[in-house]
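Chain and residue survey
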Amino acid sequence: FLSTELTGPFNVIRKILHGTGNKESKAYIYNGMVFTVLFVLWRIGPMPALISALLQVYDLGFSKMPSSYDLYAFALFRLGLVLTLLPMLFNLFWGYQLVSGLIRFMTHRRTKKKRR
């Protein structure tokens, strides 16, 4: 999960450019495009493999109790599953926001160029 921080610097650069009034600059536009592509490839792309690995490790039979009937271990096991999937859900949400924003930007920019 540490490798997901590859996108962090691009997000910081985007916020700095936005805060300094350079929202219309080429640096802001290119940085946003690189940030979106890296976010999707680095954070969303590996999700199917991660979820597949989780499904192989965790037995999702929620009605089954462990053979030792250790309720504490059973609860901890389920909590671990939820806490593992939660960051993935956040990344899916932000990935959707980034991609839809990029699509809106590209279509808006294309219609702006046609008007000129």
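Before reading further, recall that the structure is shown in the block above.
Because the structure is predicted, anything quoted here is derived from the model rather than measured.

Right, let's get into helix α2 (residues 26-44). Helical geometry: 3.6 residues make up each α-helical turn, so side chains three or four residues apart lie on a common side. Taking 1.5 Å per residue, 19 residues should reach 27 Å; α2 reaches 26 Å between its end C-alpha atoms and fits that length. When we look at burial in α2, the residues that qualify are Y28, I29, N31, G32, F35, T36, L38, F39, R43 and I44.

Attention shifts here to the packing of aromatic side chains. Under the definition given, this model contains 2 aromatic pairs. Consider the rings of F93 and W94, whose centres lie 5.0 Å apart with planes at 75°: the pair is edge-to-face. Using a relative accessible area of 41% as the deciding quantity, one classes F93 as partly exposed. According to the relative accessible area criterion, W94 is partly exposed, its value standing at 49%.

Okay, the nonpolar core next. Among the nonpolar cores identified, the biggest contains 7 residues, and these are F35, F39, I44, M47, L54, M88 and L98. At the level of secondary structure, the elements contributing two or more residues to this core comprise α2, α3 (47-57) and α4 (71-115). Setting aside chain neighbours within four positions, we find M47 in contact with M88, N91 and L92.

Taken as a whole and assessed by the stated rule, the structure comprises 1 salt bridge. Between E5 and R43 there is a salt bridge; the shortest N-O distance is 4.0 Å. With E5 in the segment before α1 (8-19) and R43 in helix α2, the pair connects residues that are 38 residues apart, well separated along the chain. The partly exposed category is assigned to E5, whose relative accessible area is 47%. Owing to a relative accessible area of 18%, R43 belongs among the buried residues under this scheme.

Reading the values: the criteria
Residues numbered from 1 in each chain as written. Predicted model: local features only at pLDDT ≥ 70, side-chain atom pairs only at ≥ 80, totals over all residues. Heavy atoms only, no water. Helix = DSSP H or I, 4+ residues; strand = E, 2+ residues; numbered from the N terminus. Expected span 1.5 Å × (residues − 1). Buried < 20%, exposed > 50% of the residue type's maximum accessible area, 1.4 Å probe, protein only. Phe/Tyr/Trp six-rings, centres within 6.5 Å; stacked < 30°, edge-to-face > 60°. Core = buried A, V, L, I, M, F, W, Y, C linked by side-chain atoms within 4.5 Å. Contact = heavy atoms within 4.5 Å. Salt bridge = Lys/Arg side-chain N within 4 Å of Asp/Glu carboxyl O.

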